[in-house]
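# Coordinate inspection notes
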Amino acid sequence: MSINTAENIEESQTKKLKEIAVSCLKLGTIGFGGIAGMVSTIENEMVIRRKWIDHQHFMDVLSTSYIIPGPNAVEVVMHCGKERGGRLGLVVAGICYLLPATLICLLFGYFYKRYSALPDVQRFIFGVRPATTALVVSTVFRLAGSTLKNNKTLILLCCLVFAAALYGMNEVLLIMGAGVVNYFAHSAKGRLPIVTGMFLAPTFLEINSKFSNGKLFLVFLKIGAVLYGSGYVLFAYMDEALVRNNHWLTHQQLMDAIAVGQITPGPILSSATFAGYLIQGTTGGILTTIGIFLPSFFISFFLHRILSSARKSRKLRLFLDGLSAASVSIIAVVGFHLFTSSVQEWQGAVILVLCLGLTFFWKRLNTVVVLLIGSAGGFLLLSMTSLIR
């Protein structure tokens, strides 16, 4: 009897890990537009379709991911994997989510080294931005309705954070501040619990300027451990480490690496794979990928443990609600910037209107379909424009 029970448990765990692998491979293949663009696809898969976590839990994870180092989307996906399949589920989720972007970047690196240029995929990528913008806008409306819940304090915080983020204030400070303000606004006691974040900041030994695989790995491990912010911050770190200090890449090669991270699915940190391939071939691509994403696996273990405790506390619940409200505002600001860039050309405006209509009036439409429609629409409109000219 006990043997049968053990076999059933093992079979159940295997089934869960397969589900995690399939879902995360799918998300890693269709995820464009940074964390703001990926929120819709991740929520649709993990919350609505799979029901691995509920909406409030999802918002807790999303908002907390903004105040810790590393790629937000990867950390959110790994947390969902941990909820579904335990520690092994977290690892499987992270690897499968990153695998598509890693393979694509290695392929792009091969073409780049062989032909000194990137494959021309601009016509297919053009329509993805307005389609992603439509997904972001619809996500903001959906998240705002379920997160704010007519709470006047959260609505006010949401508006203030939106204005401050639009002005250019640091998003990490804004989100942390919103959590603190919401806590004090609802707490009768004047004492805020101190939650100490253990940020991974390893100390590296001085290494001589001679290239080695070990040094390449350590450079990207350090970047992954301390990186906050957008792709521009990643550009600054990589420029200092790869171009100015070690002279492993030229400035143009680094710019092309960042471009590859933007036009491929998954996090922009996948630029590291492309850069690593240019430096040391396939070995370099694999080493830089492991190095830059490895800290996120440890941080996600830490995040899951902290959130599991915090969500049971009424006082910390107030803090998390403030983080969630601020996160909606941060996504809204990204949506605003995406919107302004998407409508600069009439083709983008047409695709945006079409995709907005689909997302608002056909609420159960799969996000993959929206992205495919945007990509196909961009290709057709640009092709028609070039023929007319």
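Residues numbered from 1 in each chain as written. Predicted model: local features only at pLDDT ≥ 70, side-chain atom pairs only at ≥ 80, totals over all residues. Heavy atoms only, no water.

The next thing to look at is the overall build of the protein. When helices and strands are tallied, the protein shows 15 helices and zero strands. Across the 389 residues of the protein, 51% fall into the buried class. Sequence separation of at least 24 residues holds for 73% of the intrachain contacts in the protein that already meet a minimum separation of 6. As presented, the protein carries roughly 19100 Å² of accessible surface, and 64% of it is formed by carbon and sulfur atoms. (Helix = DSSP H or I, 4+ residues; strand = E, 2+ residues; numbered from the N terminus. Buried < 20%, exposed > 50% of the residue type's maximum accessible area, 1.4 Å probe, protein only. Contact = heavy atoms within 4.5 Å. Areas by Shrake-Rupley, 256 points an atom, 1.4 Å probe, with all protein chains shown as cover.)

The next point concerns the pattern of salt bridges. A full pass over the atoms with the stated rule returns six salt bridges. Across the salt bridge formed by Glu-19 and Arg-84, the nearest N and O atoms sit 2.7 Å from each other. One end of the pair, Glu-19, is in helix H1 (residues 2-30); the other, Arg-84, is in helix H4 (residues 72-115), with 65 residues separating them in the sequence. Overall, the relative accessible area of 18% leaves Glu-19 in the buried class. With its nearest N and O atoms 3.1 Å apart, the salt bridge here joins Arg-50 to Glu-45. For Arg-50, a relative accessible area of 23% gives the class partly exposed. Members of the salt-bridge network, linked through shared partners, are Lys-26, Glu-45, Arg-49 and Arg-50. (Salt bridge = Lys/Arg side-chain N within 4 Å of Asp/Glu carboxyl O.)

Using the criterion set out here, one finds four aromatic pairs in the structure. Where Phe-141 meets Phe-360, the ring centres are 5.7 Å apart and the plane angle is 75°; that geometry is what we call edge-to-face. Taken together, the positions of Phe-141 in helix H6 (residues 128-148) and Phe-360 in helix H14 (residues 346-361) put the pair 219 residues apart, joining distant regions of the chain. Taking relative accessible area as the criterion, Phe-141 reaches 58% and is therefore assigned exposed. Classification of Phe-360 by relative accessible area gives partly exposed; the value is 31%. (Phe/Tyr/Trp six-rings, centres within 6.5 Å; stacked < 30°, edge-to-face > 60°.)

This part is about a nonpolar patch on the surface. A contiguous nonpolar surface patch, about 240 Å² in accessible area, is contributed by Leu-25, Leu-99 and Leu-103. In this fold, Leu-103 is placed in helix H4. (Patch = residues over 30% accessible without salt bridge, like charges linked within 9 Å, V, L, I, M, F, W, Y side chains within 5 Å.)

The subject of this paragraph is unusual backbone geometry. For residues besides glycine, phi is generally negative; the peptide bonds are generally trans as well. The backbone of Lys-51 shows a phi angle near 60°, a positive value even though the residue is not glycine. With respect to the element layout, Lys-51 can be found in the loop between helix H2 (34-49) and helix H3 (55-65). Unlike most non-glycine residues, His-247 shows phi in positive territory, near 55°. Mapped onto the elements, His-247 comes out in the loop between helix H10 (231-245) and helix H11 (251-263).

This part takes up helix H7 (residues 152-167). Taking 1.5 Å of rise per residue, the 16 residues of H7 would be expected to cover 22 Å, and the 23 Å separating its terminal C-alpha atoms lies within 8% of that figure. Of the positions making up H7, those classed as buried are Leu-154, Leu-157, Cys-158, Val-161, Ala-164 and Ala-165. Mapping the buried residues of H7 onto a view down its axis gives an arc of 140°, with all of them on the same face. For H7, the exposed residues set more than 90 degrees away from the buried face come down to Lys-152, Leu-156, Leu-160 and Tyr-167. Elements in contact with the buried residues of H7: H6, helix H8 (171-186) and helix H13 (314-342). (Expected span 1.5 Å × (residues − 1). Arc of directions from axis to C-beta.)

Here we come to the environment of Arg-123. Relative to the elements of secondary structure, Arg-123 occurs in helix H5 (residues 122-126). Sequence separation between Arg-123 and Leu-380 is 257 residues; the distance between their C-alpha atoms is 8.3 Å. Beyond its immediate stretch of four places on either side in the chain, Arg-123 contacts Ser-375, Gly-378, Phe-379, Leu-382, Ser-383 and Ser-386.

Contact geometry of H6 with H14 gives a least axis separation of 8 Å together with a crossing angle of 40°. Relative to H14, H6 is oriented so that their crossing is right-handed. Between H6, through Pro-130, Ala-131, Thr-133, Ala-134, Leu-135, Val-137, Ser-138 and Phe-141, and H14, the contact on the second element is made entirely by Gly-348, Ile-351, Leu-352, Cys-355, Leu-356, Thr-359 and Phe-360. (Axes fitted to C-alpha atoms, helices over the stretch in contact; angles between N-to-C directions. Left-handed = near helix turned anticlockwise from the far one by under 90°.)

On to the side chain of Thr-273. Inspection of the secondary structure puts Thr-273 in helix H12 (residues 271-310). Accessibility expressed as a relative area gives 0% for Thr-273, which makes it buried. Those residues in contact with Thr-273 that lie beyond four places of it in its chain are Thr-102, Cys-105, Leu-106, Gly-285, Thr-288 and Thr-289.

We now examine the confidence of the model for the protein. In the predicted model, the protein carries a mean pLDDT of 81, and 86% of its residues have values of at least 70. Counting interchain partners and residues more than four positions distant, the pLDDT-below-50 stretch residues 188-208 has 27 contacts. (pLDDT = per-residue confidence, 0-100.)

As a further point, take the environment of Gly-348. Structurally, Gly-348 can be placed in helix H14. Spatially, the C-alpha atoms of Gly-348 and Leu-382 are 9.8 Å apart, while their sequence positions differ by 34 residues.

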